[in-house]
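Now for the letters of each chain:
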Amino acid sequence: MENSLFSSLVVRAEEDCKVYCSICHKILEVKKGEVIPRCCGKVMEKM
């Protein structure tokens with residue numbers, strides 16, 4: 001049950017891409033299947 005709770009809070013990249021934080025403007029590269037990180041309290045956005 002614990003895994004299902006956390007899996008609903010995790011967003012994974014569908015493909016290799018760059019993500020950014022619209023608040024602090026940080027840019028990161030993520031690979032397919034990696035977790036898209038949170039920054040400034042929200043999930044980073046795909047560019």
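Here the structure is a predicted model, which means the values were calculated and not measured.

### Some details on the sheet that holds strand β1 (residues 17-20)
Spatially, the three strands line up as an open sheet ordered β2-β1-β5, and their pairing is antiparallel. Taken across any chain shown, the strands that pair with only one partner, and hence form the sheet edges, are β2 (27-30) and β5 (45-46). The pairing of β1 with β5 spans two bridges and is antiparallel. Bridge pairing links Val-19 to Lys-46 in β5.

### Considerations on the pairing of β1
Note on strand geometry: in a regular strand, side chains alternate between the two faces of the sheet. Of the two faces of β1, the one holding Cys-17 and Val-19 is buried and the one holding Lys-18 and Tyr-20 is not buried anywhere. The sheet contact formed by β1 and β2 spans four bridges and is antiparallel. Each bridged residue has a counterpart across the sheet, and for Cys-17 the counterpart in β2 is Val-30. If you look at the hairpin formed by β1 and β2, you'll find six residues sitting between the two strands, and His-25 has a positive phi there, around 70°.

Definitions and cut-offs
- Residues numbered from 1 in each chain as written.
- Predicted model: local features only at pLDDT ≥ 70, side-chain atom pairs only at ≥ 80, totals over all residues.
- Heavy atoms only, no water.
- Pairing = 2+ DSSP bridges.
- Helix = DSSP H or I, 4+ residues; strand = E, 2+ residues; numbered from the N terminus.
- Buried < 20%, exposed > 50% of the residue type's maximum accessible area, 1.4 Å probe, protein only.

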